[in-house]
Amino acid sequence: NAGVTQTPKFHILKTGQSMTLQCAQDMNHGYLSWYRQDPGMGLRRIHYSVAAGITDKGEVPDGYNVSRSNTEDFPLRLESAAPSQTSVYFCASSYPGHNEKLFFGSGTQLSVL
Amino acid sequence: GIQVEQSPPDLILQEGANSTLRCNFSDSVNNLQWFHQNPWGQLINLFYIPSGTKQNGRLSATTVATERYSLLYISSSQTTDSGVYFCAVDLTRAAGNKLTFGGGTRVLVKP
């Protein structure tokens, strides 16, 4: 199993451009989430999903959209990128129970100029 | 919302030393996890520990839920232990890992 796979690893965008960050898991995990990591701010949850077809907002959802059409994939879309969205983005997965470890992908470093 | 505070913010160790990292949280939790972010940015789950004590090699963790704190012990530290250690908690009892992260403790182990 590859675990949680994120693509791309690095990307540079211009302000106003759109982009989709990809996340895929092959562990049959029902729960998927997106976090952003900024210096001095730690990790903050953007959106999450407990199953296909069900998504919900995290702590910092503005400017981001998600969809969940199947168990494996959970793409994060930036419709009109802003410099404030420069960050490292992590996708994470787990079984959706109450006592399950959270596993992270390797991250996507995104710069918006 | 829930507050998660970690201390110390920075820690410099000589290889072979022992250390204790602390995580305080402001409300009762049903889910607490410790993570290590290595210098290459990879986040590794160390423990799921909402209460009690667990050990994994040179690392161990203890959570005292009634007193709202958790401790991570690193014994006989090695240079590969360098990185940032995060504590994360979830207040909710709903499905899924809705973890709120602390600010982390940055650890540097010198050879």
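Everything discussed here concerns the structure shown above.
As the structure is a computational prediction, the values presented were derived from the model and not from experiment.

To continue, consider the sheet that holds strand β6 (residues 52-56) of chain B. Residues and elements named next belong to chain B. Read across the open sheet, the 5 strands follow the order β1-β3-β8-β7-β6; overall the sheet is antiparallel. The open sheet has two edge strands with one neighbour each: β1 (4-7) and β6. Within the sheet, the average angular offset between the axes of one strand and its neighbour, ignoring direction, is 15°. Bridge count between strand β3 (residues 19-25) and strand β8 (residues 69-74): 6 bridges; the pairing is antiparallel. Bridge assignment links Cys-23 to a residue of β8, and that residue is Ser-70.

With that out of the way, let us pick up the interface of chain B and chain A. Size of an interface: often given as the accessible area lost when the parts come together. With 20 residues of chain B at the interface, the matching set in chain A holds 19 residues. With both chains or domains summed, chain B and chain A bury close to 1,700 Å², and 54% of this area falls on carbon and sulfur atoms. Counting across the chain B and chain A interface gives 0 salt bridges. Inspection of the region where chain B meets chain A yields 6 residue pairs in polar contact (both at pLDDT 80 or more). Contributions of two or more residues to the side of chain B that touches chain A are made by β4 (31-37) and β5 (43-48) of chain B. Per-element tally for the side of chain B that touches chain A: the top contributor is β5 of chain B, with 5 residues.

This structure, assessed with the given rule, holds 2 disulfides over all chains. Here Cys-23 of chain A is linked by a disulfide to Cys-91 of chain A, with a sulfur-sulfur distance of 1.9 Å. Here Cys-23 of chain A and Cys-91 of chain A share a disulfide; its torsion about the S-S bond, -60°, makes the bridge left-handed. With Cys-23 of chain A in strand β3 (residues 19-25) and Cys-91 of chain A in strand β9 (residues 87-94), this residue pair connects regions lying 68 residues apart in the sequence. With respect to class, Cys-23 of chain A is no different from Cys-91 of chain A; both count as buried. There is a disulfide in this structure between Cys-23 of chain B and Cys-87 of chain B, and the S-S distance comes to 2.0 Å. When the S-S torsion is -55°, as for the bridge of Cys-23 of chain B with Cys-87 of chain B, the disulfide is left-handed. Linking Cys-23 of chain B in strand β3 with Cys-87 of chain B in strand β9 (residues 83-90), this pair joins segments that are 64 residues apart in sequence. Taken as a pair, Cys-23 of chain B and Cys-87 of chain B share a single burial class, namely buried.

Basis of the calculations
Here the residue numbering is sequential within each chain, running from 1 through the sequence in written order. Written order decides the labels, with chains lettered from A and ligands numbered from 1. Note on the predicted model: pLDDT of at least 70 is required for a residue's local features to be given, and 80 or more for side-chain atom pairs to be given and counted; whole-chain, interface and lining totals, by contrast, use all residues. The side-chain figures draw on all heavy atoms in the structure; neither hydrogens nor water molecules are used. Pairs of strands are assigned from DSSP output, requiring at least two bridges between the strands. Helical segments are the DSSP runs of H or I of at least four residues, strand segments are the runs of E of at least two, and each set is numbered from the N terminus. Fitted lines through C-alpha atoms give the axes, limited to the stretch in contact for helices. The angle between two N-to-C directions lies from 0 to 180 degrees. Every residue pair with non-hydrogen atoms within 4.5 Å of one another is taken to be in contact. Computed with a 1.4 Å rolling probe, the buried area is the accessible surface lost when two parts are put together, summed over both parts. Salt bridges are identified by distance alone: a Lys or Arg side-chain nitrogen within 4 Å of an Asp or Glu carboxyl oxygen. Nitrogen and oxygen atoms within 3.5 Å of one another constitute a polar contact, given that in protein one can donate a hydrogen and the other can accept it, and given that sequence-neighbouring residues count only through two side-chain atoms. By convention in this document, the label disulfide applies to cysteine sulfur atom pairs within 2.5 Å. Relative accessibility thresholds used throughout: buried, under 20% of the residue-type maximum; exposed, over 50%; partly exposed, between the two (1.4 Å probe, protein chains only).

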